[in-house]
Amino acid sequence: GDSVTQMEGPVTLSEEAFLTINCTYTATGYPSLFWYVQYPGEGLQLLLKATKADDKGSNKGFEATYRKETTSFHLEKGSVQVSDSAVYFCALKVTGFQKLVFGTGTRLLVSP
Amino acid sequence: DGGITQSPKYLFRKEGQNVTLSCEQNLNHDAMYWYRQDPGQGLRLIYYSQIVNDFQKGDIAEGYSVSREKKESFPLTVTSAQKNPTAFYLCASSEGQANNQPQHFGDGTRLSIL
């Protein structure tokens, strides 16, 4: 079945460090891919998306490229801030299915 | 401001009691969803609805019920049959069913057992 695998957390970085959170997927068909962010005690916010191979989604300095050949959608940011501390979820959605399939989430902790 | 409103933020359930979680959206979205989030896990789909007066079971529907009498409202009832209801419940909506349309989430309801 469809699945998403994310790197285990927590990821601990100093402010201004480079961030990569790995995400790989397994899916039938041609999924759309999403990154969501969850701040403590809150719901999920859409961070970025990509709907076809080689698309790059970007928002607030975060980027991710849809790599069909490696079935990956890694999240990157060039310089993290303390305010980026949150849990990040990679997710996919396949045409004809209603649900988002989520990874287990990766917690990011950024220290000053 | 358009968005999804979930209430209450915190809810406590006694043994044998049914409780209802509210979800209202003013985004004019057709599709609505309920997910359950447990610590260290991703979200799992409980129920979804594509149009008014229609809904389908998700992966973990046992012990839950829903209704969709209005486009903007999709309440979730956690029944006494749900033996492990303690979790964070998230409601979402999307404009349609196409896979490129993202789901937008509310701020969640945290349910605990007394």
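Here is a short report on the structure shown in this document. As the structure is a prediction and not an experimental result, all values here were calculated from the model.

Quick look at the overall build of chain A
When its secondary structure is counted, chain A shows zero helices and 12 strands. The C-alpha extent of chain A, read off along each of the three principal axes, is 45 × 30 × 20 Å. Across the 112 residues of chain A, 45% fall into the buried class. Within chain A, counting contacts between residues at least 6 apart in sequence, those at least 24 apart form 55% of the total. Here chain A has roughly 5,200 Å² of accessible surface; of this, 50% comes from carbon and sulfur atoms. Across chain A, the mean location of the 10 positive side-chain charges is 8 Å away from that of the 11 negative side-chain charges.

Re the pattern of salt bridges
Under the defined criterion, the tally for this structure stands at six salt bridges over all chains. A salt bridge links Asp38(B) to Arg44(B), with the shortest nitrogen-to-oxygen separation between them at 2.8 Å.

Quick word on the sheet that holds strand β7 (residues 56–59) of chain A
Residues and elements named next belong to chain A. Spatially, the four strands line up as an open sheet ordered β3-β9-β8-β7, and their pairing is antiparallel. Pairing within the sheet leaves two strands with one partner each, and these edge strands are β3 (19–21) and β7. The average angle at which neighbouring strand axes cross in this sheet is 15 degrees, direction not considered. Where β3 meets strand β9 (residues 75–77), three bridges bridge the pair, whose relative direction is antiparallel. Paired with Leu19 across the two strands is Lys77, which belongs to β9.

Quick look at the state of the cysteines
Residues and elements named next belong to chain A. Overall, the coordinates contain two disulfides over all chains when judged by the stated rule. In this model Cys23 forms its disulfide with Cys90; the gap between the sulfur atoms is 2.0 Å. Of note, the bridge from Cys23 to Cys90 carries an S-S torsion of about -65 degrees and is left-handed in sense. Here the residue Cys23 occupies a position in strand β4 (residues 23–26), and Cys90 occupies one in strand β10 (residues 86–93), the gap between them amounting to 67 residues. Overall, the relative accessible area of 1% leaves Cys90 in the buried class.

Structural notes on the layout of surface pockets
Volume-wise, the largest pocket comes out at about 400 Å³. Mapped by element, the contributors of at least two residues to the lining of the largest pocket are β10 and β12 (106–111) of chain A together with β9 (87–94) of chain B. Counting residues per element, the lining of the largest pocket draws most heavily on β10(A), which supplies three residues. Class assignment for the residues of the lining of the largest pocket results in eight nonpolar, nine polar and four charged.

Brief notes about the interface of chain A and chain B
At the interface, 23 residues of chain A touch 24 residues of chain B. Across the chain A/chain B interface, buried area totals approximately 1,800 Å², and carbon plus sulfur atoms make up 51% of it. Here chain A and chain B share zero salt bridges between them. At the junction of chain A and chain B, the tally comes to four residue pairs in polar contact (both at pLDDT 80 or more). Among the secondary structure elements, those contributing two or more residues to the side of chain A that touches chain B are β5 (32–38), β6 (44–50) and β10 of chain A. Broken down by element, the side of chain A that touches chain B gets its largest block of residues, four residues, from β5(A). Among the residues making up the side of chain A that touches chain B, the classes are represented as 10 nonpolar, nine polar and four charged.

Examining unusual backbone geometry
Note the cis peptide between Gly9(A) and Pro10(A), where omega equals 0 degrees. Mapped onto the fold, Pro10(A) is located in the loop between β1 (3–6) and β2 (11–14). Geometrically, the link from Ser7(B) to Pro8(B) is a cis peptide bond, its omega value of -10 degrees lying close to zero. Inspection of the secondary structure assignment puts Pro8(B) in the loop between β1 (4–7) and β2 (10–13). At Asp54(A), a residue that is not glycine, the phi angle is positive and equals roughly 75 degrees. In this fold, Asp54(A) is placed in the loop between β6 and β7. With a phi close to 60 degrees, Asn28(B) is a non-glycine residue in the positive phi region. Under the relative-accessibility criterion, Asn28(B) is labelled exposed at 57%.

Parameters and conventions
Residues numbered from 1 in each chain as written. Chains lettered and ligands numbered in written order. Predicted model: local features only at pLDDT ≥ 70, side-chain atom pairs only at ≥ 80, totals over all residues. Heavy atoms only, no water. Helix = DSSP H or I, 4+ residues; strand = E, 2+ residues; numbered from the N terminus. Buried < 20%, exposed > 50% of the residue type's maximum accessible area, 1.4 Å probe, protein only. Contact = heavy atoms within 4.5 Å. Areas by Shrake-Rupley, 256 points an atom, 1.4 Å probe, with all protein chains shown as cover. Lys, Arg positive; Asp, Glu negative; His and termini not counted. Charge placed at Lys NZ, Arg CZ, Asp CG, Glu CD. Salt bridge = Lys/Arg side-chain N within 4 Å of Asp/Glu carboxyl O. Pairing = 2+ DSSP bridges. Axes fitted to C-alpha atoms, helices over the stretch in contact; angles between N-to-C directions. Disulfide = S-S within 2.5 Å. 1 Å grid on protein atoms, 1.4 Å probe; cavity = no way out; pocket = protein on both sides within 12 Å on 5 of 7 lines; lining within 4 Å. Points joined across faces, edges and corners; volume = space filled by probe spheres on them. Nonpolar A, V, L, I, M, F, W, Y, C, P; charged D, E, K, R; others polar. Buried area = accessible area lost by both parts, 1.4 Å probe. Polar contact = N/O pair within 3.5 Å; in protein donor to acceptor, adjacent residues only side chain to side chain.

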